[in-house]
Amino acid sequence: MDQGPPESDMIDPNVVAQEPERVRDSLRRRNADEATLSEVDRLVALSERRRALVTERDNLNADRNRLSQQIGGLYKAGQREEADALKVTVQAGNARIAVIEEELATVDGERDAALMGLPNLLDARVPDGRSEADNVEVRRWGSPTGDGQTGESHVEIGTRLGILDLERATKLTGTRFWVLSGAGARLERALINFFLDLHVSQHGYTEVMVPYMVHRSVAEGTGQLPKFEKDMFRLAEPLNGQDVFLIPTAEVPVTNLHREEILEADQLPLKYAAFTPCFRSEAGSAGRDVRGLIRVHQFHKVELVWITTPEDADACHQALVGHAEKALQLLELPYRVMELCAADTSFGAARCYDLEVWLPSQGYREISSCSHFGDFQARRMQLRYRPAGEKKAKPRPAHTLNGSGLAVGRTLVAILENHLQPDGSVRIPAALRPYMGGVEAIGA
RNA sequence: GGAGGCGUGGCCGAGUGGUUGAAGGCUGCGGUCUUGAAAACCGCCGAUCCGAAAGGAUCCGGGGGUUCGAAUCCCUCCGCCUCCGCCA
């Protein structure tokens, strides 16, 4: 069923086997429970067992190979008797090999499953913290208006202007869906084009359009699976022989574009910008952000993805954040940059900055998450590169990064709320007007 | 949906049961030669796992089977191509 080389790894399995304390430290900083911590001990034992089995199996294989050659030689020499005697020996060895292979398959399976369920090692620079309240503000931009509580909400504004229709959306698919019409729909489309043009022509990204449904192994590559299956939508029937999931973000198909490849160092960094819809089940978030466009089952996003070298990754990460910030600045939306603390850093990330846009009705809300995955995703999808310089350098896992540039729906919300005029209309920021057919305000 | 063909290393392409991880070519890298370049010639050039190393194991789309031994035979899945039908 499954294609391609076996998925394995996540954090370097050798690190788990040889420096379990380092892994435990990272897990503790992430607020991991005891069950997860004990996985590390199990992993150490599993790795040892695996090594012993592999060694024995390889030795037996070597014996068999040698004897088989002898058998071939004996047959050619017409010495059937001797050959048949050797066959019996080999058959006995094969029986033992079969037993070992069986145990090895079990051990490998358990080890892989445990490994795939462990979150990434945290970057040492990530600040300690027990919750999102401990995230560290890095900088602010712009001048927020209002108190972040009593401002007119995008739902009220959009409905009043007749460009947002939440009620009719529920007739179609129920709650957490939306309908935009007229200038609202145009605004959504304008934002998509604005983001794409900005990043492609100003920031040097290559635009890509990708499938919105992916195989299970692809979602494992970026780390959504196996742990967060309930957050995704899965097709009822397998497609092309495999389970298929609706993408929760373009990160998934785009980062996996080069899975199982060995890239040359001079190809890096690879920078992709992709517009896609994103589908999220929002399991477990019942009751949160129930009204409006903030948390929905389907939304649009322009995602920025980098594939780079370990040496360059930090600088790339900073550049990525800057690119997302630029979009907010051009749209004249106040925001702050937060460095996430250990407990709030997501499963696959080693380090992460969130961009939070100011909403007069809600205060600061996440509008972009810029993550540095180190080699975590690259290991899971066997995405490697060959270091430059020395002749035959061994392939190494690449480093991957991604960030929203930006979440379109939330940007639309931010524009409605921040650029609301005293007369009830909404001003279109200058940078966006060319994409709005020159319109300067909605509802004026 | 029906019928047929194909799937080998970065690329092209040999190879139908035995010491082939795989001929040959191309590309790439190093060298000789050259003021430099080109050409020519020589050499090197896949990945993963175990091992301190020596060395060993595995991989010819994926999985399974036959066999002492499989790139080579069988089954199955996936992918690509061609023809017919259908839909856009």
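What you see is a predicted model; the values in this text were computed from it and never measured.

**Q** Could you clarify how one ought to interpret the overall build of chain A in this entry?
**A** For chain A, the helix and strand inventory stands at twelve helices and 15 strands. A principal-axis box enclosing the C-alpha atoms of chain A has dimensions of 100 × 45 × 40 Å. Every one of the 444 residues in chain A was classed for burial, and the buried ones make up 52%. Here the contacts in chain A between residues at least 6 apart in sequence split such that 74% fall between residues at least 24 apart.

**Q** What should I look at first to understand the domain arrangement of chain A in this one?
**A** On domain assignment, one finds that chain A holds domain 1 (33-116) and domain 2 (132-442). In this structure, domain 1 and domain 2 have C-alpha centres spaced 47 Å apart.

**Q** Just checking my understanding: could you explain the pairing of strand β10 (residues 363-372) for this structure?
**A** Remark: a regular strand shows side chains that alternate across the two faces of the sheet. Taking burial as the measure, the ten residues of β10 include nine buried ones, the bulk of the element. Two elements, strand β9 (residues 351-359) and β10, share nine bridges in a ladder whose sense is antiparallel. Bridge pairing in β10 links Glu-356 to Glu-366. Of the strand pairs in this sheet, β10 and strand β13 (residues 399-407) are connected by two bridges, and their pairing is antiparallel. Across the sheet, His-372 pairs through a bridge with Leu-401, a residue of β13.

**Q** Mind showing me how you'd approach the sheet that holds strand β11 (residues 384-386) here?
**A** Across the sheet, three strands lie side by side as β5-β11-β12; this open sheet has mixed pairing. Of all the strands in the sheet, the pair left with one neighbour each is β5 (262-264) and β12 (396-397). In this sheet, β12 lies alongside β11 in antiparallel orientation, the contact comprising two bridges. Residue pairing for β12: Tyr-385 is matched across the bridge by Arg-396.

**Q** When you look at a nonpolar patch on the surface in this model, what are you seeing that I'm missing?
**A** Among the surface-exposed residues, Met-209, Tyr-212, Met-213 and Leu-239 lie close enough to one another that they form a single nonpolar patch of about 390 Å² accessible area. Tracing the chain through its elements places Leu-239 in the loop between α8 (216-222) and β4 (244-246).

**Q** Where do I start with the packing of helix α5 (residues 154-161) against helix α12 (residues 408-418) in this structure?
**A** To characterise two packed helices, one gives the angle between the axes of the helices and the distance between these axes. At a minimum axis distance of 9 Å, the contact between α5 and α12 shows a crossing angle of 80 degrees. By the angle between their directions, the pair α5 and α12 is classed as roughly perpendicular. Taking contact as the criterion, the partners of His-154, Ile-157 and Gly-158 in α5 are, on α12, Val-413, Leu-416 and Glu-417. Tallied by class, the residues present in the contact of α5 with α12 amount to three nonpolar, two polar and one charged.

**Q** Help me out: how do you make sense of the pattern of salt bridges in this one?
**A** When their charged atoms lie close together, side chains carrying opposite charge are able to pair. As enumerated under the stated definition, the model contains 36 salt bridges in all. One salt bridge connects Asp-314 with Arg-125, and the closest N-O pair in it is separated by 3.0 Å. Here Arg-125 lies in the loop between α4 (80-116) and β1 (136-141) and Asp-314 lies in helix α10 (residues 310-330), a separation of 189 residues in the sequence. With its nearest N and O atoms 2.9 Å apart, the salt bridge here joins Arg-365 to Asp-289. With Arg-365 in strand β10 and Asp-289 in the loop between β6 (270-279) and β7 (298-308), this residue pair connects regions lying 76 residues apart in the sequence. Of the two residues examined, Arg-365 and Asp-289, each falls in the buried class.

**Q** Could you clarify how one ought to interpret the side chain of Arg-410 in this entry?
**A** Mapped onto the fold, Arg-410 is located in helix α12. There is a polar contact of 2.8 Å between the side chain of Arg-410 and the backbone oxygen of Glu-366.

**Q** Would you mind going over the nonpolar core with me for this structure?
**A** It is characteristic of soluble globular proteins that their nonpolar side chains tend to be buried jointly. Counting 52 residues, the largest nonpolar core has Leu-187, Leu-191, Phe-195, Leu-328 and Leu-432 as the members making the most contacts within it. Once residues lying within four places of it in the same chain are set aside, the contact partners of Leu-328 are Trp-141, Leu-333, Tyr-335, Leu-355, Val-357, Ile-367 and Leu-406. With 17 residues, the next largest nonpolar core counts Ala-265, Leu-270, Tyr-385 and Ala-398 among its residues.

**Q** Got a minute to help me understand the packing of aromatic side chains in this structure?
**A** We describe a pair of aromatic rings using the distance from one ring centre to the other and the angle between the two ring planes. A complete count under the given rule lists seven aromatic pairs for this structure. Judged by centre distance (5.5 Å) and plane angle (80 degrees), the ring pair of Phe-228 and Phe-347 falls under edge-to-face. In this pair, Phe-228 sits in the loop between α8 and β4 while Phe-347 sits in the loop between β8 (335-339) and β9, placing the two residues 119 residues apart along the sequence. Taking relative accessible area as the criterion, Phe-228 reaches 29% and is therefore assigned partly exposed. Classification of Phe-347 by relative accessible area gives buried; the value is 10%. Here Trp-358 and Tyr-364 contribute two aromatic rings whose centre-to-centre distance is 5.0 Å and whose plane-to-plane angle is 70 degrees, an arrangement assigned as edge-to-face. Per residue, the accessibility class of Trp-358 equals that of Tyr-364, and both read buried. Lying across the ring of Tyr-205, Lys-271 places its NZ or CZ 4.8 Å from the centre.

**Q** Sorry, what's going on with the environment of His-258 here?
**A** Among the secondary structure elements, His-258 is positioned in the loop between α9 (251-255) and β5. The spatial distance from the C-alpha of His-258 to the C-alpha of Ile-307 is 9.1 Å, given a sequence separation of 49 residues. For His-258, the contacting residues outside a window of four places in its chain are Leu-263, Leu-270, Tyr-272, Ile-307 and Leu-383. There is a polar contact of 3.0 Å between the side chain of His-258 and the side chain of Glu-261. Within the structure, His-258 has its side chain in polar contact with the side chain of Tyr-272 (distance 2.7 Å).

**Q** How should the sheet that holds β8 be read in this particular structure?
**A** Strand pairing in a sheet relies on backbone hydrogen bonds, with the paired strands running either antiparallel or parallel. Strand order in this open sheet of eight strands is β1-β8-β9-β10-β13-β7-β6-β2, and the pairing throughout is mixed. With partners counted over all chains shown, the strands left at the sheet margins are β1 and β2 (206-208), one partner each. Adjacent strand axes in the sheet meet at a mean angle of 25 degrees, parallel and antiparallel pairs treated alike. Relative to β9, β8 is paired through five bridges, and the arrangement is antiparallel. Bridge pairing in β9 links Val-337 to Leu-355. Together, β2, β6, β7 and β13 form the strand contacts of helix α7 (residues 183-202), whose direction differs from that of β7 by roughly 10 degrees.

The rules behind these values
- Residues numbered from 1 in each chain as written.
- Chains lettered and ligands numbered in written order.
- Predicted model: local features only at pLDDT ≥ 70, side-chain atom pairs only at ≥ 80, totals over all residues.
- Heavy atoms only, no water.
- Helix = DSSP H or I, 4+ residues; strand = E, 2+ residues; numbered from the N terminus.
- Buried < 20%, exposed > 50% of the residue type's maximum accessible area, 1.4 Å probe, protein only.
- Contact = heavy atoms within 4.5 Å.
- Domains from an automatic or database assignment.
- Pairing = 2+ DSSP bridges.
- Patch = residues over 30% accessible without salt bridge, like charges linked within 9 Å, V, L, I, M, F, W, Y side chains within 5 Å.
- Areas by Shrake-Rupley, 256 points an atom, 1.4 Å probe, with all protein chains shown as cover.
- Salt bridge = Lys/Arg side-chain N within 4 Å of Asp/Glu carboxyl O.
- Axes fitted to C-alpha atoms, helices over the stretch in contact; angles between N-to-C directions.
- Parallel < 35°, antiparallel > 145°, perpendicular 65-115°, else oblique.
- Nonpolar A, V, L, I, M, F, W, Y, C, P; charged D, E, K, R; others polar.
- Polar contact = N/O pair within 3.5 Å; in protein donor to acceptor, adjacent residues only side chain to side chain.
- Core = buried A, V, L, I, M, F, W, Y, C linked by side-chain atoms within 4.5 Å.
- Phe/Tyr/Trp six-rings, centres within 6.5 Å; stacked < 30°, edge-to-face > 60°.
- Lys NZ or Arg CZ within 6 Å of the ring centre and 35° of its normal.

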